[in-house]
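# Summary of the model geometry
So the chains spell out like this:
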Amino acid sequence: MSNAVSALQGVSETGFAHIKEMGLAGMVTLKADLGAAATKKAVKAAVGADLPEPRGMSSGKKEDGVAWMAPDELLLFCDHARADEVVATLTKEMGSSHHLAVNVSDARAVFTIEARDVREVLSKLTPADLSNLPLREMRRSRLAQVPAAFWMNGNNHATVICFRSVAQYVYDLLCMASKEGGEVGYH
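Residues numbered from 1 in each chain as written. Predicted model: local features only at pLDDT ≥ 70, side-chain atom pairs only at ≥ 80, totals over all residues. Heavy atoms only, no water.

### Brief notes about the overall build of the protein
What the protein contains, in helices and strands, is four helices and 11 strands. Computed over the C-alpha atoms, the radius of gyration of the protein is 17 Å, within 12% of the 16 Å expected from 2.2 N^0.38 for a compact globule of 187 residues. Based on the C-alpha atoms only, the size of the protein along its principal axes is roughly 55 × 40 × 30 Å. Burial statistics for the protein: of 187 residues in total, 48% are counted as buried. (Helix = DSSP H or I, 4+ residues; strand = E, 2+ residues; numbered from the N terminus. Rg over C-alpha atoms; globule rule 2.2 N^0.38 Å. Buried < 20%, exposed > 50% of the residue type's maximum accessible area, 1.4 Å probe, protein only.)

### Observations concerning helix α1 (residues 37-47)
Three or more residues of α1 are buried, namely Ala38, Thr39, Ala42, Val43, Ala46 and Val47. Looking down the long axis of α1, one finds its buried residues gathered within 125° of arc, a one-sided arrangement. Turned more than 90 degrees off the buried face of α1, the exposed positions are Ala37 and Lys41. Against β3 (26-32), β5 (65-70), β6 (73-78) and α2 (83-94) lie the buried residues of α1. Count one or two residues on from α1 and you reach Gly48, which has phi positive near 75°. (Arc of directions from axis to C-beta. Contact = heavy atoms within 4.5 Å.)

### Section: the domain arrangement of the protein
Considered domain by domain, the protein is made up of domain 1 (12-22 + 107-177) and domain 2 (26-105). Centre-to-centre, using C-alpha coordinates, domain 1 lies 23 Å away from domain 2. The partner domain 2 presents 16 residues to the 10 residues of domain 1 that form the contact. Of the roughly 1100 Å² buried between domain 1 and domain 2 on both sides combined, carbon and sulfur atoms contribute 58%. (Domains from an automatic or database assignment. Buried area = accessible area lost by both parts, 1.4 Å probe.)

### Some details on the nonpolar core
Judged by nonpolar contacts, the single largest core of 32 residues is most densely connected at Phe111, Ile113, Leu122, Leu143, Val160, Val170 and Leu174. Among the secondary structure elements, those contributing two or more residues to this core are β2 (17-21), β8 (108-115), α3 (119-122), β10 (146-154), β11 (157-163) and α4 (167-177). Residue contributions to this core peak at seven residues, all from α4. The next biggest cluster of nonpolar side chains, apart from the first, holds 21 residues, and it includes Ala32, Val66, Cys78 and Val86. (Core = buried A, V, L, I, M, F, W, Y, C linked by side-chain atoms within 4.5 Å.)

### Side note on the sheet that holds β6
Taking strand neighbours across the sheet as the criterion, the five strands line up as β4-β5-β6-β3-β7 in an open arrangement whose pairing is antiparallel. Single-partner strands in this sheet number two, and they are β4 (57-59) and β7 (99-103). Here the strands of the sheet are splayed against their neighbours by 20° on average, with no regard to which way each runs. Note: β4 against β5, three bridges, orientation antiparallel. The residue bridging Met57 from the neighbouring strand is Ala67, located in β5. Helix-sheet contacts for α1 involve β3, β5 and β6, and the interaxial angle to β6 is about 15°. Of the strands in this sheet, β3, β6 and β7 touch α2, which is tilted by about 170° from β7. (Pairing = 2+ DSSP bridges. Axes fitted to C-alpha atoms, helices over the stretch in contact; angles between N-to-C directions.)

### Brief notes about the environment of Val118
With respect to the helices, strands and loops of the structure, Val118 is situated in the loop between β8 and α3. Sequence separation of Val118 and Lys179 is 61 residues, and the distance between their C-alpha atoms is 13 Å. Beyond its immediate stretch of four places on either side in the chain, Val118 contacts Ile113, Met152, Gly154, Asn155, Asn156, His157 and Ala158.

This is how it looks when you write it as structure tokens:
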């Protein structure tokens, strides 16, 4: 059996912002009726978190959590080694309720951005209006030519998720947007 490795194996670069690929991260997509009691119970059993409000995120046990992705979709976060266990728990708890739970950990890449104001980096790459983006609100958009999701953990820290197949492209974009001297000062 092969060893799991992240898309870019923890590469990082520092300009006016520090960009880092975060390595292996567990992610499970759950498509279901988000208003159903079975969904709420299953998510709580799997990661210890309540269902978030639309576009929101909620924290669970340890570093587990849940992000709202669409009216019928959640993204659950967990340790990479636990992702299959989370899928199994969701499947068991959902019972006969219509749902789809899939381990998407190895299909995604995760980056962090740390800067005095991370909006300086992201605003160069996304059409999303970041001026009023609340902390820990999941935003699905694009970075240049590819789909991505991101949220801000604070004014100086953001997390970006993209498909693994475009990880190098996204990393290069983030690094180019954070080159020393490239601050715009808009935010």
